[in-house]
There are 2 protein chains.
Amino acid sequence: MEKYSKQREEIINLLSNTKSHPTAEEIYSILKENGSTASRGTVYRNLNQLIDKGTVIKISIQDGPDRFDYIKEKHNHIICLKCGKVFDYFYNLNENKLKKDALEQTGVEILDNTFTLNGICNDCKTE
Amino acid sequence: MEKYSKQREEIINLLSNTKSHPTAEEIYSILKENGSTASRGTVYRNLNQLIDKGTVIKISIQDGPDRFDYIKEKHNHIICLKCGKVFDYFYNLNENKLKKDALEQTGVEILDNTFTLNGICNDCKTE
DNA sequence: TTTGAAAATAGGAATGATTCTTATTTTAGA
DNA sequence: TCTAAAATAAGAATCATTCCTATTTTCAAA
């Protein structure tokens, strides 16, 4: 049975109030700055717990640590190839066709999809 | 200027003749078994070089090391959430609409996309 | 309200994938 | 044949993440 913890509340608050897709290390530092006692291990453990529950997702970045996002509404991500910044992006996929095609082609029962775009963001373009 | 190396040729041969999406470690072991002198460092260095050239792509797996795929024809991947196996999958996205939508929503100039599905494969279903 | 078991924590050690370093070898054009 | 650039092997170093252990917190039942 899950029990309340101050540290978990702090992590959820931070994540649900930012659009910055922070890394675990960034979450840890911000909490520290704000006087939290949370340790790195606690940050990772709670993130994984929230991922299992489905409230948070992990975004894998090619060169660099994973980033985390609190999910209010389902969406996709765009990652800048130059600076690594992550943007939220809404695109409507035909999920039923997708599932059907995948099942026919490979026999895999699809539960989820990760649709990530890569490109160069505005800030990096003008440099 | 790029120079020929036996080790790079071995890596390319292995990758272009398998459908198994091996990890760097698996590539290293298979080469070793077949009498190659290639070291881990050499495997990683060449994989990254091939990725830069666009002939190989890296597939990020949630829990486990990256996997590598030689690209003959553009396609997507399906990853089994239970056993981690990677399947090739062909799905036709409307890339122009995608690029236009993304640019409007975020200002990012899209160069590439990663479209990965997750599910339970046939073998894992019947267990 | 006390109490005790389950859950959570801090802090640091351990792990595992990947990159880096250095001295040596190979490649390929002049 | 010679030489500079590129590549290599082997292992050290790094970095993100998980694991470990002793301690603390939570919460339901007595």
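Scroll up to find the structure.
Rules and cut-offs
- Residues numbered from 1 in each chain as written.
- Chains lettered and ligands numbered in written order.
- Predicted model: local features only at pLDDT ≥ 70, side-chain atom pairs only at ≥ 80, totals over all residues.
- Heavy atoms only, no water.
- Pairing = 2+ DSSP bridges.
- Helix = DSSP H or I, 4+ residues; strand = E, 2+ residues; numbered from the N terminus.
- Axes fitted to C-alpha atoms, helices over the stretch in contact; angles between N-to-C directions.
- Contact = heavy atoms within 4.5 Å.
- Expected span 1.5 Å × (residues − 1).
- Buried < 20%, exposed > 50% of the residue type's maximum accessible area, 1.4 Å probe, protein only.
- Arc of directions from axis to C-beta.
- Near = heavy atom within 4 Å.
- Polar contact = N/O pair within 3.5 Å; in protein donor to acceptor, adjacent residues only side chain to side chain.
- Nonpolar A, V, L, I, M, F, W, Y, C, P; charged D, E, K, R; others polar.
- Buried area = accessible area lost by both parts, 1.4 Å probe.
- Salt bridge = Lys/Arg side-chain N within 4 Å of Asp/Glu carboxyl O.
- Least-squares fit on C-alpha atoms with pLDDT ≥ 70 in both.

A. Structural detail: the sheet that holds strand β4 (residues 86-89) of chain A. In space, the six strands of this open sheet follow the order β4(A)-β3(A)-β5(A)-β5(B)-β3(B)-β4(B), with mixed pairing throughout. Across the chains shown, the open sheet's two edge strands, defined by having one partner strand only, are β4 of chain A together with β4 (86-89) of chain B. This sheet shows a mean twist of 30° between the axes of neighbouring strands, independent of strand direction. The pairing of strand β3 (residues 76-80) of chain A with strand β5 (residues 109-120) of chain A spans four bridges and is parallel. Opposite His 77 of chain A, over in β5 of chain A, you have Thr 116 of chain A as the bridge partner. Against the sheet, helix α4 (residues 95-106) of chain A contacts β5 of chain A together with β3 (76-80), β4 and β5 (109-120) of chain B, and its axis sits at roughly 115° relative to β4 of chain B. Its contacts with the sheet place helix α4 (residues 95-106) of chain B against β3, β4 and β5 of chain A together with β5 of chain B, and it is angled at close to 115° to β4 of chain A.

B. How the structure looks around α4 of chain A. Residue and element names in this part refer to chain A. Spanning twelve residues, α4 covers 16 Å between terminal C-alpha atoms, matching the ideal 16 Å at 1.5 Å per step. Of all the positions in α4, only Leu 98, Asp 101, Ala 102 and Thr 106 are classed as buried. Along α4, the residues classed as buried sweep out an arc of 100° about the axis, all on the same side. For α4, the exposed residues set more than 90 degrees away from the buried face come down to Asn 96, Lys 100 and Glu 104. Where α4 terminates, the next one or two residues include Gly 107, which has phi positive at roughly 80°.

C. The arrangement of the protein's contact with DNA strand C in detail. Taken together, 19 residues surround DNA strand C, and among them Met 1, Thr 37, Thr 42 and Arg 45 of chain A together with Tyr 44 of chain B come closest. Of what DNA strand C places within 4 Å of the protein, 78% of the atoms are sugar or phosphate. In this structure, Met 1 of chain A approaches DNA strand C through a main-chain N or O atom, which is 2.5 Å from a phosphate oxygen. One nitrogen or oxygen atom from the side chain of Ser 5 of chain A is found 2.7 Å from a phosphate oxygen belonging to DNA strand C. Taken together, the elements giving at least two residues each to the surface near DNA strand C come down to α1 (6-16) and α3 (40-53) of chain A together with α3 (40-53) of chain B. With three residues, α3 of chain A is the single largest residue contributor to the surface near DNA strand C. Residues of the surface near DNA strand C, tallied by class, amount to six nonpolar, seven polar and six charged.

D. Quick look at the interface of chain B and chain A. Listed by partner, the interface residues are 37 residues for chain B and 37 residues for chain A. Roughly 3,100 Å² of surface becomes buried between chain B and chain A when both sides are summed, with 56% attributable to carbon and sulfur atoms. Along the contact surface separating chain B from chain A lie two salt bridges. A salt bridge links Lys 125 of chain A to Glu 109 of chain B, with the shortest nitrogen-to-oxygen separation between them at 3.6 Å. Where chain B packs against chain A, one counts 14 residue pairs in polar contact (both at pLDDT 80 or more). Listed by contribution, the elements that provide at least two residues to the side of chain B that touches chain A are β4, α4, β5 and α5 (122-125) of chain B. Tallied by class, residues from the side of chain B that touches chain A come to 17 nonpolar, twelve polar and eight charged.

E. Structural context of the pairing of β3 of chain A. Residues and elements named next belong to chain A. Of all five residues that make up β3, five are buried, and the element is covered over most of its length. Residues Asn 76, Ile 78 and Cys 80 line one face of β3 and the alternating positions His 77 and Ile 79 line the opposite face, and both faces are buried. Here β3 pairs with β4 via four bridges, running antiparallel. Each residue of the ladder has a partner; that of His 77, found in β4, is Asp 88.

F. Fine view of the relation of the copies chain B and chain A. Placing chain B over chain A gives an RMSD of 0.1 Å and needs a rotation angle of 180°, together with 0.0 Å of translation along the axis. Here the transformation between the copies is reduced to the relation of a two-fold axis. Looking at the rotation axis and the C-alpha trace of chain B, the residue lying nearest is Phe 115 of chain B, at 2.2 Å. A symmetric contact is evident, with 100% of the interface residues of chain B recurring at the interface of chain A.

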